[in-house]
Amino acid sequence: RKASRRTITLGAMAPRAVIFDLWGTLVPFDFDLERRELVAIADAFGVAPGEFKREWRSGYERRLVSDLRGSFDRVRRSLGVTRAGAVDEAWRLRIEMHREMFVPREDAVATLKELHARGYLTGLLTNCSSEVPELVAESPLAGLFDVEIYSCSVGLRKPERAIYELAANGLGVEPRLCLYIGDGGDDELSGARAFGMTAVLLKPGDTQPPEEWEGPEITRIAQVLELLGERPRNSP
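What you are looking at is a predicted structure, and each value in this text was computed from that prediction instead of being measured.

The rules behind these values
- Residues numbered from 1 in each chain as written.
- Predicted model: local features only at pLDDT ≥ 70, side-chain atom pairs only at ≥ 80, totals over all residues.
- Heavy atoms only, no water.
- Buried < 20%, exposed > 50% of the residue type's maximum accessible area, 1.4 Å probe, protein only.
- Helix = DSSP H or I, 4+ residues; strand = E, 2+ residues; numbered from the N terminus.
- Arc of directions from axis to C-beta.
- Contact = heavy atoms within 4.5 Å.
- Pairing = 2+ DSSP bridges.
- Right-handed = clockwise from strand over helix to strand, strands pointing away.
- Axes fitted to C-alpha atoms, helices over the stretch in contact; angles between N-to-C directions.
- Parallel < 35°, antiparallel > 145°, perpendicular 65-115°, else oblique.
- Left-handed = near helix turned anticlockwise from the far one by under 90°.
- Nonpolar A, V, L, I, M, F, W, Y, C, P; charged D, E, K, R; others polar.
- Disulfide = S-S within 2.5 Å.

Novice: Explain helix H6 (residues 108-117) to me, and be specific about the residues and the numbers.
Specialist: Inspection of H6 places Ala 108, Thr 111, Leu 112 and Leu 115 among the buried residues, and these make up the whole buried set. Along H6, the residues classed as buried sweep out an arc of 100° about the axis, all on the same side. Relative to its buried face, H6 has exposed residues pointing more than 90 degrees away, namely Ala 110, Lys 113 and Ala 117. In the core, the buried residues of H6 are packed alongside strand E1 (17-20), strand E2 (121-126) and helix H11 (223-228). Gly 119 occupies a position one or two residues after H6 and carries a positive phi of about 95°.

Novice: Break down the pairing of E2 for me, citing the residues and quoting the values.
Specialist: With six of six residues buried, E2 lies mostly within the body of the structure. Side-chain alternation along E2 places Leu 121, Gly 123 and Leu 125 on one buried face and Thr 122, Leu 124 and Thr 126 on a second face that is also buried. In this structure, E1 lies alongside E2, joined through four bridges in parallel fashion. If you follow Phe 20 over to E2, its bridge partner there is Leu 124. Examined bridge by bridge, E2 and strand E3 (residues 147-150) share four bridges and lie parallel to one another. Paired with Leu 125 across the bridge in E3 is Ile 149. Handedness of the β-α-β unit built from E2, helix H7 (residues 132-138) and E3 comes out right-handed.

Novice: Provide a residue-level description of the packing of helix H9 (residues 161-171) against helix H10 (residues 188-195), including the pertinent values.
Specialist: One can describe the packing of H9 onto H10 by two numbers: an axis separation of 9 Å at closest approach and a directional angle of 65°. When the axis of H9 is compared with that of H10, the two are roughly perpendicular. Judged by the twist between their axes, the crossing of H9 over H10 is right-handed. Counting all contacts with H9, which are made through Arg 161, Tyr 164, Glu 165 and Ala 168, the residues of H10 involved are Glu 188, Gly 191, Ala 192, Ala 194 and Phe 195. Taken together, the residues of the contact of H9 with H10 sort by class into five nonpolar, one polar and three charged.

Novice: Before we move on, can you summarise the state of the cysteines with the specific residues and values?
Specialist: Under the definition given, this model contains zero disulfides. Left without a disulfide partner, Cys 128 is nearest to the cysteine sulfur of Cys 152, which lies 3.9 Å away. Judged by relative accessible area, which is 2%, Cys 128 ranks as buried.

Novice: Before we move on, can you summarise the packing of helix H1 (residues 31-45) against helix H2 (residues 49-58) with the specific residues and values?
Specialist: Axis separation between H1 and H2 bottoms out at 9 Å; the angle between their running directions is 105°. Between H1 and H2, the interaxial angle falls into the category roughly perpendicular. Across from Glu 34, Arg 35, Leu 38, Val 39, Ile 41, Ala 42 and Phe 45 in H1, the residues of H2 making contact are Pro 49, Phe 52, Lys 53, Trp 56 and Arg 57. Along the lines of polarity and charge, the residues of the contact of H1 with H2 split into eight nonpolar, no polar and four charged.

Novice: Which residues make up the side chain of Glu 37, and what are the values?
Specialist: With respect to the helices and strands, Glu 37 occurs in helix H1. With residues up to four places along the chain from it excluded, the contact list for Glu 37 reads Leu 93, Arg 94 and Met 97.

Structural data, given as structure tokens:
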């Protein structure tokens, strides 16, 4: 399937930078593994899985802009857990789970390298908890971005306008010259579009894409190269 070019205008307005989401986009998210991890953490806390999941998920937005260990401690206090070492064990299980699933899509690394070879800037803009920056640094994605913006580090999250502004400013590129690629979680595409970026939905078949999205879509990371063509960012 060819990448859809709906609403994308190249020519004089060709993008100079491509900004990627992480989970569900560059790295698939394993929901089955997450479910097993949450059950294991509930066991470490000594509470029922359903009870833990409700409390854990209620803190999702706060967790994206704070410390992971602190998030577990908040849940521990909220549930009245007094078991020694529960927070440390929960933190260990979470890191283990994310490290296990942190395998980039097969065409992600090659596409990022090719973008650089063609003269494009690349960015990573992700909503994530505080263990993720280290996981990126340990992964094949390390060193492939000109700017990395993590919600947990900057205290902002998508779709807030300010977090897109941080990415564009970090790249030194106007929003209208940025292509944003994401699976659509957290209203990220609408946020990117509202800021003036060209937003593209990655719809690979293993995510939960927004039903209302009417913009351009691709099914593989490498199709970003089709959208851009052969022109580097400094070409006339």
